[in-house]
Each structure stands twice: as C-alpha cells, then as structure tokens.
Amino acid sequence: RRVHLCHSDEGAIKVRSFSRDLVLLALVKEFGQSDGVAILVAAVWGRVDLLGVEVQDVFRSTGTIHLLVVSGFHLGALYWVLEKLFVYLLGFSAALRSRNLVVALGSTLSFAGVLVYTCFVGFSPPCVRALFAVFIYIIAKIRSRRLDTRNALLAALLFVNIVWPGAIFEAG
C-alpha cells in the first residue's frame, strides 16, 4: 500500500491512497455500479464525483448535498462508536480496570481510528479541525476536566489556521 502526497493549487495536501481505491473497486465488484454504492461511497469518503449528475441534482435541490461532505459530524460519530466499542471490550480486562486505564486506552485507540479515517478521506480542513477538537476532548476526558466546547473549537480553528493559513478561505 503506497500513499502519494501532492500539493494542490490551494496549498492543501491531498492524500491519495491505493488502499482506498482497492476498497472502492471491491464494493463495485460486489454490488455493481449502482446509485446506492455511489451514495454510500460519497457519504463515507466524500467522493461526490462518483455520483451521477441526476443524483447530485436531487441532493442539491433537496438541500442535503452537505451530508455527502466528510466533516466533523463524521469524525465525531466515528469517535463515539469506536470509543464505546473499545471501552466495552477493554472493560473485560481486570488488569486495566484495576489501574483505571480502560477509558484512557479506549479513548486513545478511538483517536487512532479517527486519525486513520482522516488520512483515508484526505485531511480536508473540516476533518483536521474536528480531529484536533476530538484530541482536545480526549485530553480533557483523560485528565478528568470539564470541556469548554467554545474554547475547544477556537483552539481547533487556531491550530488549523497556524498549520494551514489558507484554510480560512475554504468552505467548511
């Protein structure tokens, strides 16, 4: 599996992964080239370019095209599912429970999963912002601190703009 990095005209790093394309080919081989597969791929990977013009027009006319853009909602939902799963599975370990490591380790593993997903979909500014917000949430959770969402969002926005100054002019 090779990953190619290239800079786009906007200065954003686009990640193209052959493994992502292999999964896409496996889906098409298994289920055929249908609108359902294209909608699934668009919703999970943000690949709206695979949708037919008619399907895109339906999403635009109903105002739901934003559901097909990978954003903080996708990362938040994925983190929540992974965290619940890992905390449940790690809860069976008496050694981890006795050291109060279940939540910390479950959160860390969940963050790793969200980081891989962010890499998989291409590190768009909304995803990087959400990834950093999830990171701040995990730090607050592990340290047993109350999270101030406004400060977390502002810190994520500041981080993205320091790393990627042109991000403020991009959609999302």
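Residues numbered from 1 in each chain as written. Predicted model: local features only at pLDDT ≥ 70, side-chain atom pairs only at ≥ 80, totals over all residues. Heavy atoms only, no water.

**Description of the pattern of salt bridges**
As a reminder of what qualifies: Salt bridges are defined by distance alone: a side-chain nitrogen of Lys or Arg within 4 Å of a carboxyl oxygen of Asp or Glu. Runs of E in the DSSP output that reach at least two residues are strands. Runs of H or I that reach at least four are helices, and both are numbered from the N terminus. Only protein chains enter the accessibility calculation, which uses a 1.4 Å probe. A residue is then buried if its area is under 20% of the maximum for its type, exposed if over 50%, and partly exposed in between.
Applying the stated rule across the entire model yields one salt bridge. The salt bridge involving Lys141 is made with Glu83; its shortest N-O contact spans 2.3 Å. Residue Lys141 is located in helix 7 (residues 125-142), and its partner Glu83 is located in helix 4 (residues 72-90); the two are separated by 58 residues in the primary sequence. A relative accessible area of 4% places Glu83 in the buried class.

**Some words on the packing of helix 7 against helix 8 (residues 149-163)**
Going by this rule: Orientation is described by axes fitted as lines to C-alpha atoms, over the contacting stretch for helices, and by angles from 0 to 180 degrees between their N-to-C directions. For this classification, under 35 degrees means roughly parallel, over 145 means roughly antiparallel, 65 to 115 means roughly perpendicular, and everything else is oblique. Each crossing gets its handedness from the near helix: less than a right angle anticlockwise from the far helix is left-handed, clockwise is right-handed. We call two residues contacting when some pair of their heavy atoms lies within 4.5 Å.
One can describe the packing of helix 7 onto helix 8 by two numbers: an axis separation of 8 Å at closest approach and a directional angle of 130 degrees. Between helix 7 and helix 8, the crossing angle belongs to the class labelled oblique. Between helix 7 and helix 8 the crossing geometry is right-handed. Contacts between helix 7 and helix 8 involve Val128, Arg129, Phe132, Ala133 and Ile136 from the first element and Ala152, Ala155, Ala156, Leu157, Phe159 and Val160 from the second.

**Quick word on the packing of aromatic side chains**
Which entries qualify depends on this criterion: Pairing of aromatic rings covers Phe, Tyr and Trp, the last counted by its six-membered ring, and requires centre-to-centre distances within 6.5 Å; plane angles under 30 degrees mean stacked, over 60 mean edge-to-face, and any other angle means tilted.
Under the definition given, this model contains five aromatic pairs. Between Tyr79 and Tyr137, the aromatic rings sit 5.9 Å apart at their centres with planes inclined by 85 degrees, giving edge-to-face as the arrangement. Residue Tyr79 is found in helix 4, and its partner Tyr137 is found in helix 7; the two are separated by 58 residues along the sequence. Looking at Tyr137, the relative accessible area reads 31%, which means it is partly exposed. Seen in terms of ring centroids, Phe132 and Phe159 are 4.3 Å apart; in terms of plane orientation they differ by 5 degrees. Their pairing is stacked.

**Here we look at the side chain of Ser107**
Looking at where Ser107 falls in the secondary structure, it is placed in helix 6 (residues 102-121). If we ignore the near neighbours within four places in the chain, the residues touching Ser107 are Tyr79, Glu83, Ile138 and Lys141.

**Let's talk about helix 6**
What counts here: One fewer than the residue count of a helix, multiplied by 1.5 Å, yields its expected span.
An ideal rise of 1.5 Å per residue puts 28 Å on 20 residues; helix 6 measures up with 29 Å between its terminal C-alpha atoms. Note on helix 6: the residue one or two positions beyond its end, Gly122, has a positive phi of about 110 degrees.

**Concerning helix 2 (residues 35-45)**
Each α-helix turn comprises 3.6 residues. Residues three or four places apart therefore point the same way. To be explicit about the condition: When we speak of the arc, we mean the arc of directions from the helix axis to the C-beta atoms.
Every buried residue of helix 2 is accounted for by Val37, Ala38, Val41, Ala42 and Trp45. Considered in projection along helix 2, the buried side chains sweep an arc of 135 degrees and stay on one side of the axis.

**Some remarks on the environment of Ile168**
By secondary structure assignment, the location of Ile168 is in the segment after helix 8. Counting along the chain gives 43 residues from Ile168 to Pro125, while the straight-line C-alpha distance between them is 8.7 Å.

**Notes on the nonpolar core**
Note on soluble globular proteins: their nonpolar side chains tend to be buried together. Defined as follows: Here, nonpolar core means buried Ala, Val, Leu, Ile, Met, Phe, Trp, Tyr and Cys residues that are tied together by side-chain atoms lying within 4.5 Å of each other.
By size, the foremost hydrophobic cluster in this structure holds 18 residues, and its most contacted members are Val41, Trp45, Val70, Leu75 and Val121. Looking at this core, the elements with two or more residues in it are helix 1 (18-31), helix 2, helix 4, helix 6 and helix 7. Setting aside chain neighbours within four positions, we find Val41 in contact with Leu24, Leu27, Gly46, Arg47 and Leu50.

Geometric descriptors of this kind do not, in isolation, establish any biological role.
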